Amino acid sequence: MNARGGALMRLRGMVRKESLQILRDPSSIAIAFVMPVVLLLLFGYGVSLDAQHIPLAMVIERPDANSASFAAAFQQSEYFSPRRFDSIQDAEQALRERQVDGIVWLRGDFSRRLLAAGDAPVGVILNGVDANQARIASGYIQGAWQSWLQAYASSHGQELTLPAAVEQRVWFNPALRSRNFLVPGLVAVIMTLIGALLTALVVAREWERGTMEALMVTPIRIGELLLGKLLPYFVLGMGGMLLSVAMARWQFGVPLAGSFWLLLATSTLFMLVALGMGLLISTVARNQFVAGQIAILVTFLPAFILSGFIFDIGSMPAPIQFITHVVPARYFVAILQTLFLAGDVWPVVLGNAAALLLMMLIFFAVLGRKARKRLE
Amino acid sequence: MLQHILALALKELLALLRDKRSRFVLIGPPIAQLLVFGFAATFDLQNASIAIYDQDQGAAARELIARFEGSRNFEVVARIDHDAQVAPLIDDRQALLVLRIDPRFSQEILSGGSGSVQVILDGRNSNTAMLALNYTRGIVTDFNDTWAARHGRSGPPAHLEIRPWYNANLESRWFVVPGIVGLLTLVVTLIVTALSVAREREAGTFDQLLVTPLRPVEILIGKSIPGLLIGLLQGSLIVAIAVHGFGIPLRGSVGALYLGMALFLLSAVGVGLMISSLAVTQQQGLLGAFLFMVPAIILSGFATPIANMPEAVQWLTYINPLRYFLIVLRGVFLQGDSYALLMDQYWPMALIGLVSLILAGWLFRHRMY
Amino acid sequence: MVNAGSPAALACHGLGKTFSSGSRVIQALDGIDLTVTPGRITGLIGPDGAGKTTLMRLAAGLLRADAGELRVLDLDVSREPLAVQSVIGYMPQRFGLYEDLSVQENLDLYADLQGVLAVERRGRYAELLHMVGLARFTARLAGRLSGGMKQKLGLACTLVRPPRLLLLDEPTVGVDPVSRRELWAIVQRLVREEGVSVLLSTAYLDEAERCDEVILLHQGRLLGQGTPASFSEPLTGRCYLVNAPTIPKRRLQMRLTALPAVADAIIQGESVRVVARAVGPLDLSSLDAGPAGVEIRPVVPNFEDAFIIRLQGEHDATTEESPPLPMAATMANDDAAVIRVDRVQRRFGEFYAVKDVSFEVRRGEIFGLLGANGAGKSTTFRMLCGLLPASGGQLEVAGHDLRHAAAQARGRIGYMAQRFSLYGNLTVAQNLRFFASAYGLTGQRRRERIRWALDGFDLERYADMASGDLPLGYKQRLAMAAALMHEPDILFLDEPTSGVDPLARREFWHRINLLAEQGVTVLVTTHFMDEANYCDRLVIMADGEVLAQGTPAETKARFRDAERSDPTMEDAFIALIEQRAQTAGEPA
């Protein structure tokens with residue numbers, strides 16, 4: 001028998017064994033298919049940065065036509081659900097008790113100053129605890145206020161002329177739906193989960209159950225062993241990827257602006273990086289507990305937090321921004337968000353893909369040096 | 001009874017602290033998470049990349065641009081001079097937004113009219129885009145007010161006076177860091193308790209324990225104490241780091257904070273022991289803890305508000321103890337809340353704790369093999 | 001015999017290997033020189049920690065030696081591990097069968113990995129499956145096989161490509177006597193018919209006698225190499241079987257052990273086997289055996305005698321007398337049944353782990369539960385201790401069902417689990433303190449009992465060591481000390497001697513004998529058939545059923561025939577299993 005025939009036969013044996021084990025082990029299936037669905041549902045429905053129906057206290061000390069039209073601007077907005085309070089004290093109490101997130105306060109002299117001096121103050125108090133939401137709410141309040149100003153001016157036969165008028169155009173995600181950027185990013189997290197966590201766990205399991213010793217003593221070469229592990233989990237990971245993309249597209253209605261084939265090609269690259277990490281962890285950790293800990297700490301959490309999936313990398317402090325450069329998910333998240341929302345933007349795709357390719361080469365080079373057919 | 005429980009609790013603590021691996025689990029991940037969340041998990045926008053496309057070149061335009069250059073929220077990365085340059089800048093993520101000033105901006109504004117400013121935003125990250133838009137509006141509004149005052153133009157007949165309470169500068173770190181106290185105490189307590197029975201099952205010591213005259217209730221209490229103690233210690237440590245390291249104000253009563261922490265730990269220990277009673281191996285215990293933890297954190301209001309979730313999901317959050325504890329934490333830290341205001345958060349945690357402990361006790365008795 | 005032209009199956013020179021764990025450095029092998037003759041079965045014998053597994057792994061190319069040279073079939077292992085791996089077969093101690101793959105799938109995997117051509121497979125599979133008796137089970141998942149069947153499947157996987165050298169690391173541990181016998185038959189046939197060289201390590205000393213040659217390792221050093229007979233021959237004239245009609249055999253053994261002229265005394269069948277310190281007549285007049293006197297029969301020394309004497313020479317510490325254990329509770333030896341098991345069943349789904357088991361244990365008895373792994377011993381045991389509810393039938397320990405009894409009732413029993421089951425990362429003293437408290441001991445009594453445990457079991461010098469790091473024999477002592485902390489009336493011991501070397505086993509049984517003398521009731525499970533002779537009465541279990549019940553003598557007597565005038569417990573066990581297979585094979 002020639003050498004290549006032997007290698008192919010050994011590889012076939014490994015691949016068949018791994019595939020059978022995946023099919024028979026409920027926990028592999030759980031991590032590969034149930035976890036992605038759960039995560040997608042949680043993030044698709046549970047996580048939203050889009051504030052709607054912000055509970056707002058309206059305090060109108062002296063109701064009249066002007067204050068009524070002002071209040072109407074808030075009532076008509078889908079961003080607010082205003083409640084009337086008679087006194088500012090009551091409203092402040094409600095704010096303290098977290099019943100409302102903000103107060104809009106028209107003092108008793110609102111109409112008088114509006115007509116006389118034209119400098120009527122509108123008091124706005126926001127609960128600043130959740131700074132991000134407070135900022136978003138303040139933006140919405142300003143929007144409602146400006147539309148009221150327009151309406152007020154035109155009802156008085158004037159035109160409101162501000163020195164500078166802002167006209168906004170949001171590209172790629174005009175409605176600014178947070179789901180549209182969260183769901184594509186999640187694909188990277190899910191593939192990390194399958195590629196790194198699952199792979200590290202199954203190799204550790206072989207050590208724990210003593211099957212590794214029996215494998216090692218056969219004439220199989222270390223490269224064949226690694227490849228035999230890699231192929232089935234590659235297929236599994238790509239399966240998880242396709243499932244996530246399908247759910248993103250049809251369950252959550254995220255548009256896929258770029259080409260599917262480019263998505264597939266870059267996903268392949270990232271999958272190899274994730275598998276490389278998983279196999280590398282398994283050369284260090286020989287029981288499932290430790291492998292799981294390491295995989296979560298060095299692959300899963302960074303993919304979650306340091307990849308730009310939720311939190312904007314540009315706003316992190318410089319040292320942390322520096323660290324994000326070694327997080328592979330960072331590059332893939334950038335590709336995903338671009339491919340889904342913007343389209344085939346070659347400079348973004350190529351630059352990040354090159355980084356992924358480099359990381360893949362490094363991981364496999366280290367793996368080639370570290371992995372040995374020995375027990376020590 | 002007391003002697004039994006003390007002996008058990010002492011043994012649990014010793015077993016936990018003498019083991020290198022569990023010491024690592026208690027120290028490594030919490031520190032990593034504190035650093036990562038404390039520094040990286042921010043929704044604040046800093047140095048957002050902006051490209052200026054000034055078609056006007058007039059004085060008014062320069063004044064407006066100067067305001068963008070002076071803002072710490074923005075960093076001007078490019079100045080461009082024709083339309084074709086806009087798309088590549090946004091597409092390639094070189095600039096988050098392009099500020100285009102109309103050719104007739106200065107002319108309009110000087111003649112008492114309204115000058116047009118166009119903002120083109122990359123909406124791929126909707127939250128960042130929204131924040132950038134808000135900052136842009138703020139800068140333009142300031143510019144308008146100053147301009148109007150200086151040139152004797154009549155401004156809008158009314159103006160907003162926005163005052164954020166509790167967090168005047170709207171720093172998201174003030175929001176995130178107190179939340180970490182809840183997050184990490186949950187993680188540590190859950191890991192300590194969820195693995196405690198499974199570890200003994202794997203090592204075979206659980207049988208040894210069950211054949212002694214110890215009662216299941218005593219074993220249960222003995223196993224809760226280390227989780228409570230370690231959670232309390234770790235919680236206090238993170239509170240201290242939050243106040244002294246991150247400079248978060250602690251405005252309310254420390255007693256109210258610790259009452260909340262104690263009740264929260266009770267419920268976390270209950271859930272942990274429930275997982276533990278069900279798990280046969282540490283692997284399962286870990287998976288169980290993970291499966292509880294991820295949704296518990298995501299659906300707690302830690303990063304994104306519960307109010308933004310769909311109604312059905314909001315209902316689900318009522319059984320999540322972290323939801324209540326986060327309100328207590330932020331209430332005490334930033335709002336200066338006292339006991340009375342937090343009553344509505346205390347009793348659900350106490351209830352969850354009680355129910356889960358009773359369930360754990362029941363499961364314990366019925367899954368002894 | 002030895003083919004002058006053929007190279008040694010394995011040859012090493014100055015072989016050394018160290019491991020470091022933390023700050024400790026362990027010398028697993030130290031300057032080993034040996035040669036394994038091809039075409040023979042060579043046994044690798046030694047107590048735990050002797051370096052048997054390390055030597056096997058070095059030979060298989062799984063470890064790299066620190067010093068010396070190792071050649072397998074004339075190939076340098078450190079230079080050409082892959083070449084070595086393609087001519088040897090190696091079955092590790094826990095052969096890694098994939099339990100979620102079927103028998104056939106496991107075979108296919110190893111055929112692929114070993115490069116067996118498709119055309120050769122059909123014939124080889126049929127041959128192997130026939131040989132290991134698994135032909136009917138090819139579709140069954142490996143996880144669903146019994147312990148013996150798993151081991152045989154492991155062997156089949158190892159043999160799927162005929163190796164020239166077969167390395168077997170403790171292939172018979174925990175395997176029932178029938179499967180053990182079959183495994184040996186397979187190995188012997190391989191050597192005879194296929195000319196395979198076999199290197200086999202074992203903890204069963206009777207198996208050493210079946211080897212052509214034996215290598216004796218101890219603490220990483222080579223103590224000797226030769227035929228089994230060459231080891232035992234020097235003891236000729238020092239071995240006897242002793243009987244004293246008036247003295248029960250356990251008490252006789254204890255008294256003999258105490259005699260200065262006796263180097264070793266163990267119970268063998270209904271007699272006590274004695275190895276004297278010197279050749280010459282054995283003077284037992286000090287035994288006070290009464291008018292019936294003592295019957296002394298010289299016997300041919302066996303390998304076990306030689307092994308024990310050899311190891312005693314290695315470390316004198318083991319010959320020192322362990323002090324008798326002062327136990328406060330001494331009760332009259334009456335006939336009251338303290339443990340009652342009546343038609344007990346335990347189902348796991350469709351599978352009956354225990355069906356219709358009934359027996360009674362009387363006060364002060366040593367009662368044995370014998371059987372292979374998976375026979376239902378441990379399940380019965382766990383039900384008795386209240387750790388597992390029975391699906392049917394009744395259990396009573398000291399008048400209580402421990403599953404429902406008040407906590408105090410559990411205070412009367414002591415329990416020692418199969419595996420070491422104390423807190424491994426707590427120190428010896430912390431473990432003892434915890435169990436003293438758990439059993440409700442306080443104040444003066446608690447201090448006294450902890451002192452008793454530290455002194456009585458010679459644990460004082462290890463008091464501050466993490467109990468997980470103790471040498472195996474000391475772990476066993478600690479577990480026993482913890483179980484006896486509260487001076488229980490009834491002691492449950494689950495496979496207390498599995499994995500323990502013969503020296504520690506002797507010491508252990510010595511302690512059990514003392515306890516029984518003081519009126520403690522002992523229930524013990526074991527798969528070592530020769531240990532059954534220490535029991536007053538026993539039941540033999542297989543597949544969850546009781547096959548036989550009675551005293552050891554009665555049980556063995558049932559199988560006395562022309563062929564076997566003095567059957568051993570193992571003979572009796574195998575005969576029982578065969579009987580059962582026959583009845584089951586008859587049409588229903």
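Residues numbered from 1 in each chain as written. Chains lettered and ligands numbered in written order. Predicted model: local features only at pLDDT ≥ 70, side-chain atom pairs only at ≥ 80, totals over all residues. Heavy atoms only, no water.

## Observations concerning the UniProt feature "transmembrane region" (unreviewed entry) in chain B
The condition is simple: UniProt positions are given in the numbering used here, feature names are shortened, and annotations may be inferred rather than shown by experiment. The secondary structure listing takes helices from DSSP runs of H or I that are at least 4 residues long and strands from runs of E that are at least 2 residues long, numbered from the N terminus.
Feature annotation in UniProt places "transmembrane region" (unreviewed entry) on residues 174-199, 219-243, 255-279, 285-303 and 346-364 of chain B, given in this structure's numbering. Between the end C-alpha atoms of residues 346-364 of chain B the distance is 27 Å, and the span holds 100% helix and 0% strand.

## What about the pattern of salt bridges?
Let me state the cut-off plainly: The term salt bridge refers to a side-chain nitrogen of Lys or Arg lying within 4 Å of a carboxyl oxygen of Asp or Glu. Here the term buried applies to any residue with accessible area under 20% of the maximum for its type, exposed to any over 50%, and partly exposed to those in between, with areas from a 1.4 Å probe on protein chains only.
Under the counting rule described, the total for this entry stands at 66 salt bridges over all chains. The shortest N-O distance in the salt bridge between A:Glu213 and C:Arg57 comes to 2.8 Å. Remark: C:Arg57 occurs in helix α1 (residues 52-59) and A:Glu213 occurs in helix α8 (residues 211-216); the pair is interchain, linking two chains. With relative accessibility at 26%, the residue C:Arg57 sits in the partly exposed group. Salt bridges here are not isolated pairs; linked through shared partners, they connect C:Asp458, C:Arg461, C:Arg477, C:Glu507 and C:Arg511.

## Examining the domain arrangement of chain B
Definition in use: The split into domains, and so the bounds of each, comes from an automatic or database assignment of domains.
The assigned domain composition of chain B is domain 1 (2-41 + 172-366) and domain 2 (48-150). Computed over C-alpha atoms only, the centres of domain 1 of chain B and domain 2 of chain B are separated by 48 Å.

## Structural notes on the packing of helix α9 (residues 222-251) of chain A against helix α10 (residues 260-284) of chain A
All names here are of chain A. Note the threshold: With axes taken as lines fitted to C-alpha atoms, and helix axes fitted only over the stretch in contact, angles between N-to-C directions fall between 0 and 180 degrees. Orientation is classified from the angle alone, with under 35 degrees giving roughly parallel, over 145 giving roughly antiparallel, 65 to 115 giving roughly perpendicular, and any other angle giving oblique. Crossing handedness follows the turn of the near helix against the far one: under a right angle anticlockwise gives a left-handed crossing, and clockwise gives a right-handed one. Any two residues having at least one pair of non-hydrogen atoms within 4.5 Å are treated as being in contact.
Where α9 meets α10, the closest approach of the two axes is 9 Å, and the angle between their N-to-C directions is 135 degrees. Compared by their axis directions, α9 and α10 come out oblique. Viewed along their axes, α9 and α10 form a crossing whose handedness is right-handed. Side by side, α9 and α10 meet where Leu226, Lys229, Leu230, Tyr233, Phe234, Gly237, Met238, Met241, Leu242 and Val245 of the first sit next to Phe260, Leu263, Leu264, Ser267, Thr268, Met271, Leu272, Leu275 and Leu279 of the second.

## Some words on the sheet that holds strand β6 (residues 88-91) of chain C
All names here are of chain C. Quick note on the threshold: A strand pair is defined by DSSP finding two or more bridges across the two strands.
Judged by pairing direction, the sheet is mixed, and its 6 strands sit side by side in the order β6-β7-β8-β3-β9-β10 without closing on themselves. The sheet terminates laterally at β6 and β10 (221-226), the two strands that pair on one side only. Ignoring strand direction, the axes of neighbouring strands in this sheet form an average angle of 15 degrees. In this structure, strand β7 (residues 165-169) lies alongside strand β8 (residues 197-202), joined through 5 bridges in parallel fashion. When the sheet's bridge partners are listed, Asp169 is paired in β8 with Ser201. Helix α5 (residues 147-158) rests against β6 and β7 of the sheet, and its axis sits at about 160 degrees to β6. Strand contacts of helix α6 (residues 177-194): β3 (41-45), β7 and β8, with the helix running at about 135 degrees to β3, the strand carrying the most contacts.

## A look at the sheet that holds strand β16 (residues 351-362) of chain C
Residue and element names in this part refer to chain C. If you walk across this open sheet you meet the 3 strands as β16-β15-β18, and the pairing is antiparallel. Of all the strands in the sheet, the pair left with one neighbour each is β16 and β18 (392-397). Along the sheet, successive strands turn relative to each other by an average axial angle of 20 degrees, direction set aside.

## Here's the deal with the packing of aromatic side chains
What counts, and what does not: For Phe, Tyr and Trp, rings pair up if their centres lie within 6.5 Å, where Trp contributes its six-membered ring, and each pair is then called stacked (planes under 30 degrees apart), edge-to-face (over 60) or tilted (otherwise). A positively charged side chain is recorded as over a ring if its NZ (Lys) or CZ (Arg) lies within 6 Å of the ring centre. The angle to the ring normal must also be within 35 degrees.
The final tally for this structure, using the stated rule, is 36 aromatic pairs over all chains. Centroid distance C:Phe381 to C:Phe492: 5.5 Å. Interplanar angle 90 degrees. Geometry classified as edge-to-face. Highlighted residues: C:Phe381 in helix α11 (residues 377-384) and C:Phe492 in strand β20 (residues 490-494), separated in sequence by 111 residues. C:Phe492 shares its class with C:Phe381; the two are buried. Every member of this aromatic cluster is reached through a ring pair, and the members are A:Phe70, A:Phe74, A:Phe80, A:Phe110, A:Trp148 and A:Tyr152. When the ring centre of A:Trp105 is taken as reference, the NZ or CZ atom of A:Arg107 above it lies at 4.2 Å. Here C:Arg505 stacks its cationic end above the ring of C:Phe528, 3.9 Å away from the centre of that ring.

## With respect to the interface of chain B and chain A
Filter applied, for reference: Each of two parts loses accessible area, computed with a 1.4 Å probe, when they are put together; buried area is these two losses added. Amino acids outside the nonpolar list (Ala, Val, Leu, Ile, Met, Phe, Trp, Tyr, Cys, Pro) and the charged list (Asp, Glu, Lys, Arg) are all regarded as polar, and Gly is one of them.
Listed as interface residues are 94 residues of chain B and, on the opposing side, 94 residues of chain A. Taken over both partners, the interface formed by chain B and chain A buries close to 8600 Å², and the fraction arising from carbon and sulfur atoms is 65%. Linking chain B with chain A are 1 salt bridge. For the side of chain B that touches chain A, the element with the most residues is helix α6 (residues 126-150) of chain B, which contributes 15 residues. Looking at the side of chain B that touches chain A residue by residue, the classes come out as 54 nonpolar, 26 polar and 14 charged. Alignment of strand β5 (residues 164-171) of chain A against strand β4 (residues 115-122) of chain B, held across 8 bridges, turns out to be parallel. Note that in β4(B) the partner of A:Val170 across the bridge is B:Leu121.

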